[in-house]
Amino acid sequence: MVSMSFLSFGATAAFIHPLDFDGSDAQKNEVIAYIQSRVKKDYCQTVDMCQESMLRIMENENLDAFKRLTQAKNRDVLNRAIHDYCGTVDMCTYQMIEMMYKENVKASQQQLSW
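A brief structural summary.

Basis of the calculations
Residues numbered from 1 in each chain as written. Predicted model: local features only at pLDDT ≥ 70, side-chain atom pairs only at ≥ 80, totals over all residues. Heavy atoms only, no water. Helix = DSSP H or I, 4+ residues; strand = E, 2+ residues; numbered from the N terminus. Expected span 1.5 Å × (residues − 1). Buried < 20%, exposed > 50% of the residue type's maximum accessible area, 1.4 Å probe, protein only. Arc of directions from axis to C-beta. Contact = heavy atoms within 4.5 Å. Axes fitted to C-alpha atoms, helices over the stretch in contact; angles between N-to-C directions. Parallel < 35°, antiparallel > 145°, perpendicular 65-115°, else oblique. Left-handed = near helix turned anticlockwise from the far one by under 90°. Nonpolar A, V, L, I, M, F, W, Y, C, P; charged D, E, K, R; others polar. Core = buried A, V, L, I, M, F, W, Y, C linked by side-chain atoms within 4.5 Å. Disulfide = S-S within 2.5 Å.

Quick look at helix α2 (residues 52-69)
Line of reasoning, step 1. With 18 residues, α2 should cover 26 Å at 1.5 Å per step; its first-to-last C-alpha distance of 26 Å lies within 8% of that length.
Line of reasoning, step 2. When α2 is considered as a whole, its buried residues turn out to be Leu-55, Met-58, Glu-59, Asn-62, Ala-65, Phe-66 and Leu-69. Buried residues of α2 fall within an arc of 130° about the axis and therefore sit on the same side.
Line of reasoning, step 3. In the core, the buried residues of α2 are packed alongside β2 (15-16), α1 (25-46), α3 (75-88) and α4 (94-108).

Some points on the packing of α3 against α4
The relative placement of two packed helices is expressed as an angle between their axes plus a distance between the axes.
Line of reasoning, step 1. As a packed pair, α3 and α4 sit with axes 9 Å apart at the nearest point and diverge in direction by 130°. As far as their axial angle goes, α4 and α3 are oblique. In this structure, α3 meets α4 at a crossing whose hand is right-handed. Judged by residue contacts, Val-77, Leu-78, Ala-81, Ile-82, Tyr-85 and Cys-86 of α3 engage Met-96, Ile-97, Met-100, Tyr-101, Asn-104 and Val-105 from α4.
Line of reasoning, step 2. For the contact of α3 with α4, a count of residues per class yields 11 nonpolar, one polar and no charged.

Re the nonpolar core
Line of reasoning, step 1. In terms of nonpolar packing, the biggest core is built from 26 residues, with Phe-15, Leu-78, Tyr-94 and Ile-97 touching the most fellow members.
Line of reasoning, step 2. Of all the secondary-structure elements, those providing two or more residues to this core are β2, α1, α2, α3 and α4.
Line of reasoning, step 3. In this structure Leu-78 touches His-17, Leu-19, Leu-69, Ala-72, Ile-97 and Tyr-101, once residues within four positions along its chain are discounted.

Here's the deal with the state of the cysteines
Line of reasoning, step 1. For the structure shown, the criterion picks out two disulfides.
Line of reasoning, step 2. Bridging Cys-44 to Cys-50, the disulfide has an S-S length of 1.9 Å. Across the S-S bond linking Cys-44 and Cys-50, the dihedral sits near 70°, which makes this disulfide right-handed.
Line of reasoning, step 3. According to the relative accessible area criterion, Cys-44 is partly exposed, its value standing at 23%.
Line of reasoning, step 4. What pairs with Cys-86 in a disulfide is Cys-92, and their sulfur atoms sit 2.0 Å apart. The sign of the 75° torsion about the S-S bond sets the Cys-86-Cys-92 disulfide as right-handed.
Line of reasoning, step 5. Bonded cysteines in the protein are paired 1-2, 3-4 when counted in the order they occur along the chain.

This is the structure we're talking about:
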């Protein structure tokens, strides 16, 4: 599982684990730099949707997701989402991690039945 607070995935800034976020200006700046770099990579290099309005929308979506993830209650489920989407596949956005975290928390409370 993910045990480090800072992980680098080829972006110019480090990924910060939301539950290890200390609220310092340095970490705030690092989170913003990571989000900006990741969104630019995804929307300008991976797909051809490199419009300023799209970039700002996705940056804000990711920052909002990060802020919500700082309140996550289940570290193990969050770590697994980070491992899967930042390590196994290259979809390491806070928005994707939040979506999968929520789905996995929900699924962990369900069982197969008739």
